[in-house]
Structure formats: C-alpha cells, structure tokens
Amino acid sequence: MHKAGLRATIFALLPLIVGSVSISYGLEKPFALSASISHSQSLNNYQDGSVKKENSYEFVPSYKWSSLTSVLFLSYSQDLRYPENNDIGDIALKNIFHPHDFSRIQLVPALSFVVPQSKKSREDTNLEGAISARIDASIQKKLLIPGLSLGAGVSLGRSFHRYDTAVSGGSNTQYSSRQSVVAGYEYRSFSIGAGFHHINMWNYAGNMSDAFEHAEELSYALADHVSFSLGHTNAGSMLKANGIDSNFKLIDDNNSLAYAKVGIQY
C-alpha cells in the first residue's frame, strides 16, 4: 500500500475515529456537516528534493436515519511542490449503525463503500470499488475518568480491481483487515486524540503484507463550531526490505508529517 495513501487515511479520519460514537449519535439534528483545511509537511528538509508539502481540503456531511448514520467523505489534496500530483480523493460512504450497550463496553458496527475517484485508483490500480465491515468497541464512559475515551476496532475489507496488478507493476490488494486502538481526552476547550492502526493486506495471489499508521492530534475549540488542531502522522510497512527487521517508528525523520488544521462543525 502506498505510504502517502496510508497517511491520508489516518490524517483525514482520526477525529472521526476517536469520537465516532459521540459524533454520530450525540447530535440532535439529523443533518451535520464538518469541513477542514489543513497544511502538512515533512518534519525535516534535507534540501534533496524529498520534502513533502501539501494542502488538504475535506468535506464530510452526515445524516442520521432511524437506524444508522451515513457519513460521506470527500477530499482534495494540493501538492505544493508538484502541482501535477493535485488530486481528488476516493469517495467513501460509511454507514454507522446504532450502538449496542453492555455493562462495560459499547459496540458500534459499520459498513463502508469506496468509489474510486483519484488518479491512482482509476489510472494505476484500476480500482472498481471496495466494501468493508467494521466493529468498534469502546469502554463505557461511566467507568473512565471524565473526558477520557478508550476504544479498539477491527475491520475486514474487499477491493475489486479490473486487473490483479497495477499499471506501475505493483500487486493490487484484494482483501485487507485493519486493527485499531484509539484514545481521546477532552478538557474544557482542549482535546487530544491518538490512534494506532495495524493493516494486513492480501493480494490476488494470496500473499500477505502488513503496514502501520499512527497519528496524534491536539485541538483547541476557537468557537462553538470552529477548532484549530496540530498533529503528527507516520505510516509505512511493518517490516524493512529484508522482511525480518521491524520498520515501525513513532517518529521517522524521513516519513513523518506534521500538520496544522482548521475545522468547522455544524
């Protein structure tokens, strides 16, 4: 899986992953909308042309039905160094079903669909669509200190491609599974969130590879509907090229991205 794609996923979804239950089910109005503008760039600039600088624009409307909440993810990325890489993101529709409450945990099932729109999906991997099922479990907040949230989740996805391999020569992913651990804490106008994801991927030949994503974000509510966030993300393969040594790093001088984001919620 492409490292930039991994980063984009966790970067865009972290606020929704950490607060998925409260965002989806704590709204009095059926229709809600969030949007954000963010700037991300590499932690270091080695003056060798490898530095990454990007602006991202996200538009996330949602609607609460009688039995579920539908969330639509729309995005656009602007590469500030190589404008030819500017691209719209794949469109994702996530249907989050009402939670099931137990004495200690709350379970939230979800079903997601992806419609290919990006150049990479349409022209390189020839993706025709994807579907995934997910279950998230969070500890009941009455058992935690005020403001704290803890949860974990697992998903299983199936992608559909026109060909087994991409135009660029890489193997396309047929099946994938994501295992997640997330945490969040809110205090007055401040909130902090962190998420770690391990991803298993199987290509059409049945060979498995795995990758990681993680992100940390600090937010401040500037007003009732406006927030400002600072964060860090890193993503990549779990193993180095030799297939033995661990490639996981909390902060990677070559691949980590820092970002600043302004978001609105209605």
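Treat the numbers as computed from the prediction; the structure is a model and nothing was measured.

1. As for the pairing of strand β8 (residues 127-139)
Alright, step 1. Strand direction decides the pairing type here: strand β7 (residues 105-115) and β8, joined by ten bridges, are antiparallel. Within the sheet, the bridge partner assigned to F113 lies in β8 and is I131.
Alright, step 2. Alignment of β8 against strand β9 (residues 148-161), held across eleven bridges, turns out to be antiparallel. In the sheet register, L127 faces β9, and the bridge partner there is H161.

2. A short note on the side chain of N200
Alright, step 1. Along the chain, N200 turns up in strand β11 (residues 190-203).
Alright, step 2. Given a relative accessible area of 12%, N200 falls into the buried group.
Alright, step 3. At 3.0 Å, the side chain of N200 forms a polar contact with the side chain of Q179.
Alright, step 4. Apart from the residues lying within four places of it in its own chain, the contact partners of N200 are Y175, S176, S177, Q179, M208, S209 and D210.

3. Considerations on the packing of aromatic side chains
Alright, step 1. Applying the stated criterion across every chain yields a total of five aromatic pairs.
Alright, step 2. Consider the rings of Y57 and Y76, whose centres lie 6.4 Å apart with planes at 35°: the pair is tilted. Of the two residues, Y57 is situated in strand β2 (residues 53-64) and Y76 in strand β3 (residues 68-79); the sequence distance between them amounts to 19 residues.
Alright, step 3. Accessibility expressed as a relative area gives 31% for Y57, which makes it partly exposed.
Alright, step 4. On the accessibility criterion, Y76 (37% relative accessible area) is partly exposed.
Alright, step 5. Aromatic rings pair up to connect F196, F212 and F248 into one cluster.

Conventions used here
For every chain, the first residue of the written sequence is number 1, and numbering continues from 1 along that sequence. Only residues with pLDDT of 70 or above have their local features reported here, since the model is predicted, and side-chain atom pairs are shown and tallied only from 80 upward, although totals for entire chains, interfaces and linings are computed over all residues. Derived side-chain values reflect all non-hydrogen atoms in the structure, with water molecules and hydrogen atoms excluded from consideration. Two strands pair under a simple rule: DSSP has to find at least two bridges between them. Comment: elements are numbered from the N terminus, with helices defined as DSSP H or I runs of at least four residues and strands as E runs of at least two. Only protein chains enter the accessibility calculation, which uses a 1.4 Å probe; a residue whose area is less than 20% of its type maximum is buried, one above 50% is exposed, and one in between is partly exposed. Here a polar contact is recorded for every N or O atom pair within 3.5 Å, except that within protein the pair must consist of a potential hydrogen donor and a potential acceptor, and residues adjacent in sequence are included only if both atoms are side-chain atoms. What makes two residues a contact is simply this: any of their non-hydrogen atoms within 4.5 Å. Stacked, tilted and edge-to-face are the three classes assigned to paired rings of Phe, Tyr and Trp, where Trp is represented by its six-membered ring and a pair needs centres within 6.5 Å; plane angles under 30 degrees give stacked, over 60 edge-to-face, the rest tilted.

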